[in-house]
There are 2 protein chains.
Amino acid sequence: MTRPAKRPTSFDVARAAGVSQTTVSFVLNNRPGQSIPEGTRRRVLEAARSLGYRPHASARALAAGRSDIVLLAVPDLPIGQGISRFVEGLAAALAEHGLTLVTHLAGAHGRPLPDVCAAVGASAVVGFGAFDPDTVQALHHAGADVVIPAHGDQDVAMQSIGHLQAEHLIARGHRRIGYAMPAHTGLVSMAEDRLKGVIQACADAGVDPPLVARTSLDAGSAAQAVTRWTERSITGICAFNDETAIAVLAGMREHGLTAPADLAVVGVDDIPTAGLAAPPLTTISFGIQEVVARRAEAVVAELAGNRFDDARPWLYPEIVQRAST
Amino acid sequence: MTRPAKRPTSFDVARAAGVSQTTVSFVLNNRPGQSIPEGTRRRVLEAARSLGYRPHASARALAAGRSDIVLLAVPDLPIGQGISRFVEGLAAALAEHGLTLVTHLAGAHGRPLPDVCAAVGASAVVGFGAFDPDTVQALHHAGADVVIPAHGDQDVAMQSIGHLQAEHLIARGHRRIGYAMPAHTGLVSMAEDRLKGVIQACADAGVDPPLVARTSLDAGSAAQAVTRWTERSITGICAFNDETAIAVLAGMREHGLTAPADLAVVGVDDIPTAGLAAPPLTTISFGIQEVVARRAEAVVAELAGNRFDDARPWLYPEIVQRAST
DNA sequence: ATGAAAGCGCTAACAA
DNA sequence: TTGTTAGCGCTTTCAT
C-alpha cells in the first residue's frame, strides 16, 4: 500500500505559479470573457503540468453544480460488436466537448439505473431505446439534467429496422414472411418495436402479416420455429438480430434446409460472425457514425440548456446483402 | 425543461427530522460505533424518504475522501455474452458492499483510462487482464486507491486458458498444433499470454511448439491461415477466441475441409453463436461466478486497506466439448 | 487582470 | 446520544 503523496490541489498550482486559485481556475477551464495575459497563462499551465495536477472531479462537480459525466445505459445482455463501436464513438464525440462517458449494464442484478446515476453524479443519461416516463422522472430526481432519448423518438427508429428487413425480402419476391423473436425476455420490448416495422412493411406491400415464432439460441429450438414457418409456406424470415438469425440457420440445417433456397433469412447488427455463417448472413448494419454524432449533439445541446430539436432520424439502418438471401 | 425543484439536502432532512446533520449522516450511513435510539433513527429515515432525499455523490466523495465508485476497464471489442455476465455479476457483488460499478470501454478513440478514472473519481479500477506498471502508476495518480489485478496475477490465468486448449487437443491425439492469432491489434497482448500457455502445454507433452498464424474475421484471411497449417500437417488449432475460431471454420469451408476430421478447432469464450456454428464449436468457458466473487472480494478487501492475498486462481476455465473436436 | 472570500453538500473530530 | 465546527478542492461573485 503506497499512499502516494497527497494529490496536488489547485491551490498548490496557484502557489507554484505565483497567482491565486481564481486565476488557476480561469486558465485551466479557459473561461471565456477573461483576458489572461499569455505570460500568466503559461506559468499556470506549466506549474500544473510539472506538479502533475489533476482537478478533483468531485470537488469540481460540487462547486460547479454539474459534473461532466455522461452515463450510458446499456440494455441487457446480448449485444455484439456494434455496440462497442457505438460506445466508443459516443465516448469520443463527447470527449471533444469535455464530457466523459461511462457505461452501466442494465441487467437484473446490478443496481437500478437511477442509483447509479446518483452514485456517479452523472449530469446526463443516454440510452439506446427510449426511457419510459417514470424512469426519466427517476433519473432527473437522481440528479440527471438531461435524459436522452425521450420517449417516442427511438421507437420509430427501431421500427424502421424491421421495416427495412421486410422490405428487402418483399423486394426479392417473398410474399409470406416470418419473424424470429428472441426468447430472451430482456429483448422482447425492443423486438416488438422491430416487429411493428415488419408488420407495417407487410401491410404497405399488401402481403400477409408475418408469422411470429420465438426461438432461443440453440439449434433445436430454432428447428421448431423453422417447422412452424415451413408448415405455413413461409419463405422469408426477419430475425430479431444476427444471433437469432444464425440460430435459425442452424435450425434449418437440422432439417436439411438451406438458405436462401428453402428459407431466406435477414438478421440485424452485422456482427462479425454474420459474414462467417454458412451461408453468409444478410443483415442490417447501421451508420454508427451518424447515430453517434446525433446522440452526442443532443446531449451537448441539452446540457447547454438548448432544447434539441432535429428532424433527422435516430438510426441509419442499411441492408448488407449476403448469400442467405 | 423542468428544473425540478432543487434537490433536498441532508440539512433539509435534518431539519425535517428535528436533528442535526451529523445525526442524519450517522443514521444514513449507519455508522458503526454509534448508538442511535430507534426512535431518532426512524424519524430520520422517514424524513429522508418523504423528502425523496438522495445523498449528493460528489459532496460525499469530497468530504469522505473516497467515492464508492469502481471503474471497470473493458478491453477493446470482443464483447460477448460472457463479458456481460461478468460485468453484471461484478456489479451485483460490489453493490452488496455499497459500491457502484461503471464500465469504460478502452478503445482507441475514447479518452485514456486514467482520465476517465479521474473524471468519475473512481476509488478503484478493475481490469480483465493485468495493468502494466505504468498504467497502475497513472491510475493511482488519477486518484484510484486500488487497482486490480496487479501485474502478474492475471497473465498466468490467461496462460491457463491456452494450456487447457492445447491439452485438450493433445489428449485427443493431436501432435501438431496450430495457433490462430487475431489480427486485431488490441487483442494481441492478451493473445500472446494465451499463446504462452499453448506453448507450455506443447512442451509439457513433448510435442512441437504451435505454428502461429494470424487471421482477421473473414473467410478469405482465415483460408490463408488454414493453408499455412495444412501445408505443415497441422491437425489441431487453438484459436484465440470463438470469433477467430469461427473464422477458421469458415476458412476451412473455403478449402472444402471439415472439422474435426481435417482440422480440429478449439475456441475460447463460449459465445452464443459457438454452439450454432457448423460444426458446433468446442470452446473454453469460464466459471464466471468464481471469477467475479474473486475480483469483488479483492476490491472490497483492498479498499478497506487490507492487502488481498489469496492463492486461488483468477480464472476457472473449462472445456466445452462439441463437434469441432 | 487578479484576488479575497463565500459557499457547494457532506463527513468527522471534538465538545457538550 | 447529539450538536458544533471545520474543512474536503473547486468555482464564482464581487472587489480591487
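Here the residue numbers are simple positions, counted from 1 along each chain's written sequence. Following the order in which they are written, the chains are lettered starting with A and the ligands numbered starting with 1. Local features in a predicted model are, by the rule used here, given only for residues with pLDDT of at least 70; side-chain atom pairs are given and counted only at 80 or more, and totals for whole chains, interfaces and linings are based on all residues. Note that water and hydrogens are dropped before the side-chain values are worked out from all heavy atoms of the structure.

A few words on the interface of chain B and chain A. Should any heavy atoms of two residues lie within 4.5 Å, those residues are considered in contact. Opposite the 63 residues of chain B that make contact, chain A presents 65 residues. For the pairing of chain B and chain A, the buried interface totals around 5,100 Å² over both sides, and the portion due to carbon and sulfur atoms is 61%. Simply put, the buried area is the total loss of 1.4 Å probe accessible area from both parts when two parts are fitted together. Of all residues in chain B, the largest losses of buried area upon contact with chain A belong to Arg54, Glu88 and Leu276 of chain B, amounting jointly to 14% of the total for that side. Here a salt bridge means any side-chain nitrogen of Lys or Arg lying within 4 Å of a carboxyl oxygen belonging to Asp or Glu. Across the chain B-chain A interface, the total number found is 2 salt bridges. Taking the shortest distance from any N to any O, the salt bridge between Arg54 of chain B and Asp115 of chain A comes out at 2.9 Å. It is helix H5 (residues 81-95) of chain B that provides the largest number of residues to the side of chain B that touches chain A, a total of 7 residues. Here the residues of the side of chain B that touches chain A sort into 35 nonpolar, 16 polar and 12 charged. Put simply, DSSP marks the helices as runs of H or I at least four residues long and the strands as runs of E at least two long, and each gets a number from the N terminus on. Residues are sorted three ways: Asp, Glu, Lys and Arg are charged, Ala, Val, Leu, Ile, Met, Phe, Trp, Tyr, Cys and Pro are nonpolar, and all the rest, Gly among them, are polar.

It is worth spelling out the protein's contact with DNA strand C at this point. If a single non-hydrogen atom of a residue is within 4 Å of a molecule or strand, that residue counts as near it. The local shell around DNA strand C holds 26 residues, among which Ser20, Thr22 and Ser35 of chain A together with Ser10 and Tyr53 of chain B are the closest. A share of 65% is what sugar and phosphate atoms reach among the atoms of DNA strand C within 4 Å of the protein. Within the side chain of Arg60 of chain B, one N or O atom sits 3.3 Å away from a phosphate oxygen of DNA strand C. Among the elements that make up the surface near DNA strand C, the one with the highest residue count is helix H4 (residues 57-64) of chain B (4 residues). Taken together, the residues of the surface near DNA strand C sort by class into 9 nonpolar, 14 polar and 3 charged. The term polar contact refers here to a pair of N or O atoms within 3.5 Å; inside protein, the definition further demands a hydrogen-donor-capable atom paired with an acceptor-capable atom, and it admits residues adjacent in sequence only when both atoms are side-chain atoms.

With that settled, the discussion passes to the packing of aromatic side chains. Residues and elements named next belong to chain A. Only centres within 6.5 Å qualify two rings of Phe, Tyr or Trp (six-membered ring in Trp) as a pair; their planes then separate them into stacked at under 30 degrees, edge-to-face at over 60, and tilted for everything else. With the rule as written, the count across this model stands at 2 aromatic pairs over all chains. The interplanar angle of 40 degrees and the centroid separation of 4.7 Å between the aromatic rings of Phe86 and Phe128 together place this pair among those described as tilted. With Phe86 in helix H5 (residues 81-95) and Phe128 in the loop between strand E3 (124-127) and helix H7 (133-141), this residue pair connects regions lying 42 residues apart in the sequence. Each of the two residues, Phe86 as well as Phe128, counts as buried. Burial classes: relative accessible area under 20% of the type maximum marks a residue as buried, over 50% as exposed, and values in between as partly exposed (1.4 Å probe, protein chains only).

Copies overlap after least-squares fitting; the atoms used are the C-alpha atoms of residues with pLDDT of at least 70 in both. Here chain B sits on chain A after a turn of 180 degrees about the axis and a move of 0.2 Å along it, with an RMSD of 0.4 Å. Such a combination of turn and shift is consistent with a two-fold rotation axis. Residue by residue, 98% of the interface of chain B is reproduced at the interface of chain A, so both copies engage with the same surface.

Moving on, we come to the protein's contact with DNA strand D. The environment of DNA strand D is made up of 28 residues, and the closest members are Ser10 and Tyr53 of chain A together with Ser20, Thr22 and Ser35 of chain B. One nitrogen or oxygen atom from the side chain of Ser25 of chain A is found 3.1 Å from a phosphate oxygen belonging to DNA strand D. The side chain of Thr40 of chain B places a nitrogen or oxygen atom 3.1 Å from a phosphate oxygen of DNA strand D. Looking at the surface near DNA strand D residue by residue, the class counts come to 11 nonpolar, 14 polar and 3 charged.

So, about the domain arrangement of chain A. Boundaries of every domain are those given by an automatic assignment or by a domain database. Under the domain assignment used here, chain A contains domain 1 (10-64), domain 2 (69-150) and domain 3 (154-287). Between the C-alpha centres of domain 2 of chain A and domain 3 of chain A the distance comes to 29 Å.

Looking now at the sheet that holds strand E7 (residues 236-239) of chain A. Residues and elements named next belong to chain A. Criterion used throughout: strands pair if DSSP finds at least two bridges between them. What the 4 strands build is an open sheet, ordered E6-E5-E7-E8; its pairing is parallel. In this open sheet, the two strands that pair with only one neighbour each are strand E6 (211-215) and strand E8 (264-266). If you compare each strand with its neighbour and ignore which way they point, the axes differ by 25 degrees on average. Bridging between strand E5 (residues 177-182) and E7 involves 4 bridges; their strand directions are parallel. Bridge pairing in E7 places Ala180 opposite Ala239. An axis is simply a line fitted to the C-alpha atoms; with a helix, the fit covers only the stretch in contact. Between two such axes, the angle follows the N-to-C directions and lies from 0 to 180 degrees. Each of E5, E6 and E7 touches helix H9 (residues 188-205); the most contacted strand, E5, lies at about 175 degrees to it.

Right, let's talk about the pattern of salt bridges for a bit. Residues and elements named next belong to chain B. Taken as a whole and judged by the stated rule, the model has 16 salt bridges over all chains. Two residues, Asp270 and Arg322, come together in a salt bridge whose shortest N-O distance is 2.6 Å. On the criterion of sequence distance, the pair formed by Asp270 in the loop between strand E8 (264-266) and strand E9 (283-286) and Arg322 in the segment after strand E10 (317-320) is long-range, its members being 52 residues apart. Across the salt bridge formed by Arg307 and Glu302, the nearest N and O atoms sit 3.1 Å from each other. Residue Glu302 is classed as buried on the basis of its relative accessible area, which comes to 13%.

A word on the packing of helix H2 (residues 21-28) of chain A against helix H3 (residues 38-51) of chain A. Helices that pack against each other are described as a pair by the angle of their axes relative to one another and the distance between those axes. Residue and element names in this part refer to chain A. Relative to each other, H2 and H3 sit at 90 degrees, their axes nearing to 10 Å. As summarised for this structure, H2 and H3 are arranged roughly perpendicular, according to the angle between their axes. Together, Thr23, Val24, Val27 and Leu28 of H2 and Thr40, Arg41, Val44 and Leu45 of H3 make up the contact between the two elements. With respect to orientation, any angle under 35 degrees is reported as roughly parallel, any angle over 145 as roughly antiparallel, any angle of 65 to 115 as roughly perpendicular, and every other angle as oblique.

For the rest of this paragraph, the subject is the pairing of E7 of chain A. As a general feature of sheets, a regular strand has side chains that alternate between the two faces. What you see with E7 of chain A is no split at all: Gly236 and Cys238 of chain A on one side and Ile237 and Ala239 of chain A on the other are buried throughout. Since E7 of chain A and E8 of chain A lie parallel, the crossover through helix H11 (residues 242-254) of chain A that links them has a hand, and here it is right-handed. If the strands point away from the viewer and the path from the first strand over the helix to the second runs clockwise, then the crossover is right-handed.

A few words now on H2 of chain A. Residues and elements named next belong to chain A. Every buried residue belonging to H2 is among Thr23, Val24 and Val27, and all of these are buried. In an axial view of H2, the angular spread of the buried residues amounts to 100 degrees, which keeps them on one side of the axis. Residues of H2 that are buried sit in contact with helix H1 (10-17) and H3. Directions are taken from the helix axis to each C-beta atom, and the arc is the one they span.

Each neighbour pair has its own omega, and for Ile148 of chain A with Pro149 of chain A the value is 0 degrees, a cis peptide bond. When you line up the elements, Pro149 of chain A lands in the loop between strand E4 (146-148) and helix H8 (153-171). Each neighbour pair has its own omega, and for Ala259 of chain B with Pro260 of chain B the value is 0 degrees, a cis peptide bond. For Pro260 of chain B, the location among the structural elements is in the loop between helix H11 (242-254) and E8. For Ser233 of chain A, which is not glycine, the phi torsion reads 60 degrees and is therefore positive. Tracing the chain through its elements places Ser233 of chain A in the loop between helix H10 (219-231) and E7. Phi at Asp270 of chain B takes a positive value of approximately 55 degrees, unusual for a residue other than glycine. By relative accessible area, which is 28% here, Asp270 of chain B ends up partly exposed.

Attention now goes to the side chain of Thr282 of chain B. All names here are of chain B. Here Thr282 lies in the loop between E8 and E9. A distance of 2.7 Å separates the side chain of Thr282 from the backbone nitrogen of Arg322, its partner in a polar contact. Residues in contact with Thr282, not counting those within four places in the same chain, are His168, Val265, Val266, Gly267, Val320, Gln321, Arg322, Ala323, Ser324 and Thr325.

A separate point is the state of the cysteines. Cysteine sulfur atoms are paired as a disulfide whenever they fall within 2.5 Å. Summed over the entire model, instances satisfying the criterion amount to 0 disulfides over all chains. Between Cys238 of chain A, a free cysteine, and Cys202 of chain A, which holds the nearest cysteine sulfur, the sulfur-to-sulfur gap is 7.0 Å.

Turning our attention to the sheet that holds strand E5 (residues 177-182) of chain B. Residue and element names in this part refer to chain B. On the basis of which strands lie adjacent, the open sheet formed by 4 strands has the order E6-E5-E7-E8 and parallel pairing. Both edges of this open sheet fall to strand E6 (211-215) and E8, since each of them pairs with a single strand only. In this sheet, adjacent strand axes meet at a mean angle of 25 degrees when their direction is disregarded. Lying over the sheet, helix H9 (residues 188-205) contacts E5, E6 and strand E7 (236-239), oriented at roughly 170 degrees with respect to E5. Across the sheet, H11 lies against E5, E6, E7 and E8, angled at about 160 degrees from E8, the strand it touches most.

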